[in-house]
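Each chain, written out:
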Amino acid sequence: MCEKELLVAYLYDDLGDADRARFEAHLRGCADCRDELKALRGVRADLVTWAPFQPDFAFRMVREPLPAEGGKVVAFEKPAARSRRGWWTPAAGLAAAAVLVLAAAASLAHVEVHRGADGITVRTGWSASAPVSARSFGETSSASAPAAGRSKGETSSASATTQSARGYGETSRDIRLASTSDANVLAEIERRLNALEASSRDSGLRNASTLSARASDAEIIRRVRELLAKSENKQQGELALRISQVIHDVDAQRVADLNRIQQGMGRIDASVNAEAAAHRDLTNYILTSAKQR
Amino acid sequence: MASTDEELVARSRTGDLDSFNQLVVRWERPIYALAYRTIGREEDARDVCQETFLRAFRALGGFKGEAKFSSWLYRITLNLCRDWIRRERRQPIAQAPEGVDLVELAGESTPSESIEDLVARKEISAAVARVMADLPQEQRTAIILKEYHGLTFQEIADMQDCPLSTVKTRLYQGLSVLRRQLERSGVNRSGLSGPTPRNHHV
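Residues numbered from 1 in each chain as written. Chains lettered and ligands numbered in written order. Predicted model: local features only at pLDDT ≥ 70, side-chain atom pairs only at ≥ 80, totals over all residues. Heavy atoms only, no water.

## A short note on the overall build of chain A
Okay, so step 1: Helices and strands together make up the secondary structure of chain A, namely nine helices and five strands.
Okay, so step 2: Mapped in sequence order, the helices and strands of chain A form the string α-α-α-β-β-α-β-β-α-α-α-β-α-α.
Okay, so step 3: A total of 293 residues make up chain A; the buried ones form 34% of that total.
Okay, so step 4: For chain A, long-range pairs separated by at least 24 residues make up 52% of all intrachain contacts whose partners lie at least 6 apart in sequence.
Okay, so step 5: When the accessible area of chain A is evaluated, it comes to approximately 17,600 Å², of which 57% is carbon and sulfur surface. (Helix = DSSP H or I, 4+ residues; strand = E, 2+ residues; numbered from the N terminus. Buried < 20%, exposed > 50% of the residue type's maximum accessible area, 1.4 Å probe, protein only. Contact = heavy atoms within 4.5 Å. Areas by Shrake-Rupley, 256 points an atom, 1.4 Å probe, with all protein chains shown as cover.)

## With respect to the overall build of chain B
Okay, so step 1: Looking only at helices and strands, chain B features nine helices and zero strands.
Okay, so step 2: Along chain B, from the amino end to the carboxyl end, the secondary structure elements read α-α-α-α-α-α-α-α-α.
Okay, so step 3: Counting every position in chain B, which comprises 202 residues, the buried fraction comes to 50%.
Okay, so step 4: Considering only contacts within chain B whose residues lie at least 6 apart along the sequence, 65% involve residues at least 24 apart.
Okay, so step 5: Taken as a whole, chain B presents about 9,600 Å² of accessible surface, with 48% of it coming from carbon and sulfur.

## Things to note about unusual backbone geometry
Okay, so step 1: Residues other than glycine seldom take positive phi values, yet D13 of chain A does so here, at roughly 55°.
Okay, so step 2: Along the polypeptide, D13 of chain A turns up in the loop between α1 (3–11) and α2 (17–29).
Okay, so step 3: Phi at D161 of chain B is positive, roughly 50°, even though this residue is not glycine.

## A few points about the pattern of salt bridges
Okay, so step 1: On inspection of all chains with the given rule, the structure shows 17 salt bridges over all chains.
Okay, so step 2: Note that R60 of chain A is salt-bridged to E28 of chain B, the shortest N-O span being 3.1 Å. Residue R60 of chain A is located in strand β1 (residues 59–63), and its partner E28 of chain B is located in helix α2 (residues 17–39); the two belong to separate chains.
Okay, so step 3: Judged by its relative accessible area of 21%, R60 of chain A is partly exposed.
Okay, so step 4: Of the residues examined, E28 of chain B reaches a relative accessible area of 4% and is grouped as buried.
Okay, so step 5: We note a salt bridge from D5 of chain B to R26 of chain B, for which the minimum N-O separation is 2.8 Å. Placement of D5 of chain B in helix α1 (residues 5–13) and of R26 of chain B in helix α2 is noted, with a sequence separation of 21 residues between them.
Okay, so step 6: Overall, D5 of chain B belongs to the buried group, its relative accessible area being 12%.
Okay, so step 7: Looking at R26 of chain B, the relative accessible area reads 33%, which means it is partly exposed. (Salt bridge = Lys/Arg side-chain N within 4 Å of Asp/Glu carboxyl O.)

## Points about the confidence of the model for chain A
Okay, so step 1: Per-residue pLDDT for chain A has a mean of 68; in total, 53% of the residues score no lower than 70.
Okay, so step 2: The low-confidence segment residues 79–91 of chain A (pLDDT under 50) makes 26 contacts with residues lying over four places distant or belonging to another chain. (pLDDT = per-residue confidence, 0-100.)

## Concerning α1 of chain A
Okay, so step 1: Counting buried positions over the nine residues of α1 of chain A gives seven, a clear majority of the element.
Okay, so step 2: Inspection of α1 of chain A places E5, L6, L7, V8, A9, Y10 and L11 of chain A among the buried residues, and these make up the whole buried set.
Okay, so step 3: The inward-facing, buried residues of α1 of chain A abut α2 and α3 (31–48) of chain A together with α8 (153–160) and α9 (164–185) of chain B.
Okay, so step 4: Positive backbone phi, at 55°, marks D13 of chain A, one or two positions downstream of α1 of chain A.

## Observations regarding the packing of α8 of chain B against α9 of chain B
The axes of two packed helices give the description: the angle between them and the distance between them.
All names here are of chain B.
Okay, so step 1: Running from amino to carboxyl end, α8 crosses α9 at an angle of 100°, the nearest separation of the two axes being 8 Å. With respect to α9, the axis of α8 lies roughly perpendicular. Counted together, F153, Q154, I156, A157 and Q160 of α8 and L164, V167, K168, R170 and L171 of α9 form the full contact between these two elements. (Axes fitted to C-alpha atoms, helices over the stretch in contact; angles between N-to-C directions. Parallel < 35°, antiparallel > 145°, perpendicular 65-115°, else oblique.)

## Let's talk about the confidence of the model for chain B
Residue and element names in this part refer to chain B.
Okay, so step 1: Averaged over all residues, the pLDDT of chain B equals 83, while 80% of them reach at least 70.
Okay, so step 2: Low pLDDT, under 50, characterises residues 193–202; the predicted model gives this stretch 30 contacts beyond four residues in sequence or across chains.
Okay, so step 3: Interface confidence in the predicted complex, given as ipTM, is 0.82; pTM for the same model is 0.53.

## Overview of the packing of aromatic side chains
For any pair of aromatic rings, the description rests on two quantities: the centre-to-centre distance and the angle between the ring planes.
Okay, so step 1: Inspection of the entire model under this criterion finds nine aromatic pairs over all chains.
Okay, so step 2: Aromatic pair Y12 of chain A and F153 of chain B: ring centres 6.1 Å apart, planes at 85°, arrangement edge-to-face. You can see Y12 of chain A sitting in the loop between α1 and α2 and its partner F153 of chain B sitting in helix α8, one on each of two chains.
Okay, so step 3: With a relative accessible area of 3%, Y12 of chain A lands in the buried category.
Okay, so step 4: Exposure remark for F153 of chain B: the relative accessible area of 3% places this residue in the buried category.
Okay, so step 5: Taken together, a centroid distance of 5.9 Å and an interplanar angle of 40° make the contact between F69 of chain B and W72 of chain B tilted. Of this pair, F69 of chain B and W72 of chain B are both found in helix α4 (residues 69–88), three residues apart, which corresponds to roughly one turn of the helix. (Phe/Tyr/Trp six-rings, centres within 6.5 Å; stacked < 30°, edge-to-face > 60°.)

## Quick look at the packing of α2 of chain B against helix α3 (residues 42–58) of chain B
Residue and element names in this part refer to chain B.
Okay, so step 1: Axis separation between α2 and α3 bottoms out at 8 Å; the angle between their running directions is 140°. Of the possible angle classes, the one that applies to α2 and α3 is oblique. Handedness of the crossing formed by α2 with α3: right-handed. Contact residues: L17, F20, L23, V24, W27, E28, I31, Y32, A35, Y36 and I39 in α2; E42, D44, A45, R46, V48, C49, T52, F53, A56 and F57 in α3.
Okay, so step 2: Of the residues belonging to the contact of α2 with α3, the class tally is 16 nonpolar, one polar and four charged. (Left-handed = near helix turned anticlockwise from the far one by under 90°. Nonpolar A, V, L, I, M, F, W, Y, C, P; charged D, E, K, R; others polar.)

## Notes on the side chain of T49 of chain A
Okay, so step 1: Checked against the element boundaries, T49 of chain A lands in the loop between α3 and β1.
Okay, so step 2: Separated by 3.4 Å, the side chain of T49 of chain A and the backbone nitrogen of S125 of chain B make a polar contact.
Okay, so step 3: Not counting residues within four places of it along the chain, the set of residues in contact with T49 of chain A comprises R121, I124, S125 and V128 of chain B. (Polar contact = N/O pair within 3.5 Å; in protein donor to acceptor, adjacent residues only side chain to side chain.)

## Regarding a nonpolar patch on the surface
Okay, so step 1: A contiguous nonpolar surface patch, about 490 Å² in accessible area, is contributed by L258, I261, M265, I268 and V272 of chain A.
Okay, so step 2: Along the chain, the position of I261 of chain A falls in helix α9 (residues 209–292). (Patch = residues over 30% accessible without salt bridge, like charges linked within 9 Å, V, L, I, M, F, W, Y side chains within 5 Å.)

## Some points on the state of the cysteines
Residues and elements named next belong to chain B.
Okay, so step 1: The full count for this structure, using the stated rule, is zero disulfides over all chains.
Okay, so step 2: Take C49: it sits in no disulfide, and the sulfur closest to it among the cysteines is that of C81, at 10.0 Å.
Okay, so step 3: Judged by its relative accessible area of 1%, C49 is buried. (Disulfide = S-S within 2.5 Å.)

Structure, rendered in C-alpha cells:
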C-alpha cells in the first residue's frame, strides 16, 4: 500500500493495528503528512455542512386502479409531496374517487363508442371475456379495453336471441356502421340499444346469471366503498402532515424573526453607542473651549 | 420488533406492497440524498429516487441477496443518475443559493448555533456543492458513498467495479482537489465552532 492510500485509510479509521502503528510512526517523523492529514480532516468537516434539502417524501407504491392498466404496480406520489414547489392539490383524493366512480359506471354500462377511419363503432353489454363475479374489479374493467374485446364482439354480433338465452355473459356486440349517413347511424344505434336492453331484461328475468351480475354489482359497490374509505384515511393523513408542516414553518419563522430582532437590536445598540460617543466628544469640546475662554 | 430489510424483501417478493413500502420509508431519504448529491437538482433527484424504487420493485425477482439490499438500491440509483447525466449531457449542477435565506436557515439552526455560524456554514456548504460538482464523476461518487453513506472501501469498490486501491486513490485525489479549491474560494471556516466529521451522516 502506498503512502497516500495509507493516509486515506488512516483518515477514515480503516487500518489494521499493525498498519496503524506503522503509519503513526511515520506521521511522527513527517511534517508534510501531518499537515496533509490535518487539511483533509478539515475538508471532511466542510463536507458535513453539505446537507440536501429533505423534501416530504410521500410517494408510495400502489396498485393502480385504472382499468386500462390491468392493475399494475406504480409509484404514487401524494399531492402534498411537492408543496415546496408551490402547488398542492387537496382534490386528488376526490379525483381518484371520481375516476373510480367513472370506472364503475363504465363497467356497469359497458357502452363504448369508438370513431375510427372505417366509421363509428358502438359496443355494448357485458364482455364475453369477463365472467364478472369471479374477477377483481380492476381486471373486470380491463376487459372493456377496446383491443381486448373487439374481435370477439364482432363475431358474437350475429344473433340477439340465441345470445340472450345465454345471458349477460355473451351479449357483447359491435355495431359497425358506415359513416355516410349520420341519421341512419343514430337510428340504428338507438334501435340496437333498445333491442339489447330488452334482451338483457328478458334474459335477466329468465336467467340465473343475473345472480352473478348482482353479486358482481355488490362486489363493485363494496370495492368502491373500501377505496373511498382508504382515500378518506389518506386525506386525514395528509391533513396531519400539513398541520405538522405549518407548525414547523411557524417555528422557523419565529426563530428567524427573533434572529432579525436580535440583529436589529444590535444595530440600534451600536448606533446609540456611536451617538453617545459623539455627544460626549461634543460636550468635551464645548467644555475645553469654555475653559480656554 | 421491526423486520430486517431481508425479511421485508422476501415478503415484497410475494407481491406484498405494504412490506415494500416499509422499505421505501426506510431508504427514501438516503436514496434521495445520494441522487441529489450526485446530480445536484432537487426535482430530478426526487424523480430518480422514485424511479429507483419502481425499478427495484419490478426487479425484486432478480435480487438474489448476494449484496445488501441498500447496496443494490444504491447501484440502481447511481445507474439512473449516470443515465441522467448522459441524457442531460452536462455536469451536475451545484444548486447553491446566492443569497442566504434567513427563514430557511433558522429552520435548520440548532439553538446553540449563532446566526454568524449559520451563515458561515451555509457558505461552506455552497462552496462544497460547487467544488463537488466539478469533480470527475468517479471521485465524486466515491466521496459521496464514503462521507455521507458510510460505505466501506470494499463496498465502494464493488459498486464502482474497481480495485480497492483505486477507491482509495479516487478518495485521495477528490479530497485533495476539494482542499485546494476550498482554500482558493476562501470560505471562512475559522469562525465556525464546527461540526466534526462523522461517518454516517446522511
